[in-house]
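Chain residues, written in single-letter form:
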Amino acid sequence: MNKALYLLIIGLLCFSAINAQEFSFGIKGGPSYVSGGQITGRVGGGTDFGGTVEADSKFKYHGGGFFEVRFDKFLIRPELIYSAMETEFDFPTQPSTYALEKISVPLLLGYNVWGPVDIYAGPAYQKILDATLEGNEPDQPVIVQNSPLAGQAGIKAAFGRFELDLRYDRTFASKEPYIINIVNGGADGYGINTADFDDSRLNQILLSISFKIFDSSANPGRRKGSCYF
């Protein structure tokens, strides 16, 4: 994102804070259920199989912070989230772990459907920090995305300063198959050597517990008409 986009986001937050009925900010974190990944072995390319292996889903974790402004039943909620993601390929010789770390910046729009319950959805900018496939040759990087955009949607409920949040995070990147070289099979090196990494995209379901460090609804005498956090 360039400087103009940063300024636009900051201006939007300032305008929202000035005109909002209430706002809050805090921290969040919890477990993530990660899915995705597909590799196909090449027959005659030094592999011990020619079929396709779908990665097994695994649980990992995420954490970050949020800022939320509310207008009656509507809300705007930008966030910053770090996600550690992982799946596992159950190859015939031995499993290989596919691990990924990313930073997401979602901009969510929500609506209060009843009492403490809100639903929301919005786009997210994502930056891949690191991606590794166990057994992959060290000089061969893992190609994860051809688009930095994702989408998130979910539901959350507030209990005082705490929130329980369940959402789905899906990348908007398309498949980008490419050839990999992987040694999988222990000391003798027996296993997959040449294969196609058909799909390196990972998606996740996030369950978060959030804590509001500041909540204007608990401070009704706050100063209005200025942009501050």
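Residues numbered from 1 in each chain as written. Predicted model: local features only at pLDDT ≥ 70, side-chain atom pairs only at ≥ 80, totals over all residues. Heavy atoms only, no water.

Attention now moves to the overall build of the protein. A count of helical and extended segments in the protein gives one helix and 12 strands. Element order for the protein, N to C, with α for helix and β for strand: α-β-β-β-β-β-β-β-β-β-β-β-β. The buried share of the protein, reckoned over its 229 residues, is 43%. Accessible area of the protein: about 11,300 Å², with a carbon and sulfur share of 63%. (Helix = DSSP H or I, 4+ residues; strand = E, 2+ residues; numbered from the N terminus. Buried < 20%, exposed > 50% of the residue type's maximum accessible area, 1.4 Å probe, protein only. Areas by Shrake-Rupley, 256 points an atom, 1.4 Å probe, with all protein chains shown as cover.)

Before going further, it helps to spend a moment on the packing of aromatic side chains. Within this structure, the stated rule accounts for 11 aromatic pairs. An angle of 85 degrees between the planes, with centres 6.0 Å apart, marks the rings of Phe89 and Phe197 as edge-to-face. Placement of Phe89 in strand E5 (residues 74-89) and of Phe197 in strand E11 (residues 194-199) is noted, with a sequence separation of 108 residues between them. Side by side, Phe89 and Phe197 carry an identical accessibility label, which is buried. What links up through ring pairs into an aromatic cluster is the set Phe89, Phe91, Tyr98, Tyr178 and Phe197. (Phe/Tyr/Trp six-rings, centres within 6.5 Å; stacked < 30°, edge-to-face > 60°.)

Per-chain confidence: the protein averages 85 in pLDDT, with 79% of residues scoring 70 or above. Across the protein, strand E9 (residues 162-171) holds the top mean pLDDT of 97, while helix H1 (residues 3-19) sits lowest at 56. Low confidence marks residues 222-229, where pLDDT is under 50. Its contacts with residues over four positions away, or in another chain, come to 18 contacts. (pLDDT = per-residue confidence, 0-100. Contact = heavy atoms within 4.5 Å.)

All right, on to the pairing of strand E4 (residues 58-71) then. Where strand E1 (residues 22-35) lies against E4, 13 bridges are found, and the strand directions are antiparallel. Of the residues in E4, the one forming a bridge with Gly30 is His62. The antiparallel hairpin formed by E4 and E5 contains two residues in its connecting segment, where Asp72 sits at a positive phi of about 60 degrees. (Pairing = 2+ DSSP bridges.)

Our focus in this paragraph is the nonpolar core. Counting residues in hydrophobic clusters, the biggest one holds 20 residues, and the most contacted among them are Ile39, Phe89, Tyr98, Leu133, Val142, Ile180 and Phe197. Of all elements in the fold, only E5, strand E6 (96-114), strand E7 (117-133), strand E10 (178-181) and E11 reach the threshold of two or more residues within this core. Excluding residues within four positions of it along the chain, Val142 makes contact with Tyr98, Ala131, Thr132, Leu133, Asn136, Tyr178 and Phe197. (Core = buried A, V, L, I, M, F, W, Y, C linked by side-chain atoms within 4.5 Å.)

On to the pattern of salt bridges, then. For side chains of opposite charge, pairing can occur when their charged atoms come near one another. All told, the structure shown has 18 salt bridges when counted by the stated rule. For the salt bridge of Lys58 with Glu86, the shortest nitrogen-to-oxygen distance reads 2.8 Å. Of this pair, Lys58 sits in strand E4 while Glu86 is found in strand E5, placing the two residues 28 residues apart along the sequence. The class of Glu86 is buried, set by a relative accessible area of 15%. Of the charged contacts in the structure, one is a salt bridge between Lys60 and Glu86, with a shortest N-O distance of 3.8 Å. Highlighted residues: Lys60 in strand E4 and Glu86 in strand E5, separated in sequence by 26 residues. Each member of the salt-bridge network shares a partner with another, and the members are Lys28, Glu68, Arg70, Arg77, Glu79, Asp118, Lys156, Glu163, Asp165, Arg167, Lys212 and Asp215. (Salt bridge = Lys/Arg side-chain N within 4 Å of Asp/Glu carboxyl O.)

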